[in-house]
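What follows is each chain in one-letter form.
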Amino acid sequence: MRFPLSTDQLVHMVEENRSHTILGNTAQYIPALANQDPNQLGILLMGAQGDMLMAGDTDVSFTLQSISKIISFISVCQEYGLEHVLEKVDVEPTGEAFNSIIPFEIHRPGKPFNPLINAGAITVSAMLPGNSTDEKFQNLIEFIESFIGEQLELDEDVYISEKETAHRNRALAYYLKESNLLELEVEEALDIYLKQCSINITLKQLARIGLIIAYNGKDPITKKDVFSSDVARLAKVLMVTCGMYNASGKFAAHVGIPAKSGVSGGILAAVPPQCHREAGYGIAVYSPSIDVSGNSAAGTMLLKQLSSMFNFSIF
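Quick caveat, the model's predicted, so the values are computed rather than measured. (Residues numbered from 1 in each chain as written. Predicted model: local features only at pLDDT ≥ 70, side-chain atom pairs only at ≥ 80, totals over all residues. Heavy atoms only, no water.)

**Quick word on the packing of aromatic side chains**
Moving on, step 1. Taken as a whole, this structure holds 6 aromatic pairs when the rule is applied.
Moving on, step 2. Residues F147 and F227 carry aromatic rings whose centres are separated by 6.3 Å and whose planes lie at 70° to one another, so their mutual orientation is edge-to-face. With F147 in helix 7 (residues 133–148) and F227 in the loop between helix 11 (203–214) and helix 12 (229–242), the pair connects residues that are 80 residues apart, well separated along the chain. As far as the burial class goes, F147 and F227 line up, both buried.
Moving on, step 3. For the ring pair F310 and F312, a centre distance of 6.4 Å and an interplane angle of 40° mean the geometry is tilted.
Moving on, step 4. A relative accessible area of 19% means that F310 is categorised as buried. (Phe/Tyr/Trp six-rings, centres within 6.5 Å; stacked < 30°, edge-to-face > 60°. Helix = DSSP H or I, 4+ residues; strand = E, 2+ residues; numbered from the N terminus. Buried < 20%, exposed > 50% of the residue type's maximum accessible area, 1.4 Å probe, protein only.)

**A look at the sheet that holds strand 7 (residues 281–286)**
Moving on, step 1. Taken together, the 5 strands give an open sheet; going across it, the order is 2-1-7-6-5, and neighbouring strands pair in antiparallel fashion. Single-partner strands in this sheet number two, and they are strand 2 (52–56) and strand 5 (259–261). Along the sheet, successive strands turn relative to each other by an average axial angle of 10°, direction set aside.
Moving on, step 2. Where strand 6 (residues 266–271) meets strand 7, 6 bridges bridge the pair, whose relative direction is antiparallel. Bridging from a neighbouring strand, A269 pairs with I283 of strand 7. (Pairing = 2+ DSSP bridges. Axes fitted to C-alpha atoms, helices over the stretch in contact; angles between N-to-C directions.)

**Overview of the pairing of strand 1 (residues 42–46)**
Moving on, step 1. In terms of burial, strand 1 is a largely internal element, 5 of the 5 residues being buried.
Moving on, step 2. When strand 1 meets strand 2, the two strands line up antiparallel, connected through 5 bridges. Across the sheet, M46 pairs through a bridge with M52, a residue of strand 2.
Moving on, step 3. Taking the residues that link successive antiparallel strands as the turn, the strand 1-strand 2 hairpin has 5 residues, and the phi of G50 there is positive, at about 85°.
Moving on, step 4. Alignment of strand 1 against strand 7, held across 5 bridges, turns out to be antiparallel. Each bridged residue has a counterpart across the sheet, and for L45 the counterpart in strand 7 is I283.

Taken by themselves, the reported measurements are silent on function.
If you want it as structure tokens, here you go:
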């Protein structure tokens, strides 16, 4: 399969956008993430036959952080069905920050607006299949490993660092518990959520996930149905409307592809096959200098340029 650009073109685009790293900073509120190299920028595109095109700092691993929210949502929906999951979490965008408590004060005892804000993600994490917190986390790891074909590991340093600074997330979990939306005790739910955020991932592994989402839950490489097309379609809608924190509207307008970011600097993107484009792609970007919304500053600009040049937008 041919990509719409050459390796040389992609290398040039990465170096052209690397200067945008100065528009942000590493996530200072999580000590283990604050120490990342803010000047790194890498991208990997994966096609339907497993072919890859990459440039920049691609030999890196980083933690999923909020990218894990869309994966845990897919896992829970696949296990219990959309109707059951949507009883606990909605699918509406919100203009508030991803860790805001304001919606609870205004809409109490309403359920979280969507699974990609922290309150919604903690709710979903507590619903993961398993009879204990260890089982739930292990099932999530195995769910991801089953379709990327590689083993994943927890970054203990990041997990401990996040647990020591998770005061706002703990407050959100108590709100959820008070509203009878949390299926576990507060510390149990929080532990699973922080562990899923601390899973180490590579650009190749992340792009494989994006590719499967792009192809509506079917892995075009193995021809295996990984999750249902209904779940995949809702996941893409959530990525478009809520995936880039409270900058999701601007990202949809200027980039126009389903994406989910994390404060470690990673971005998962899915480019579905469209009528004007025969093939779909999974795209993974990493650049740990994040902007005020929590999105990779250079990574976002790189995706904007790529989408504009090659008409990746789904709109």
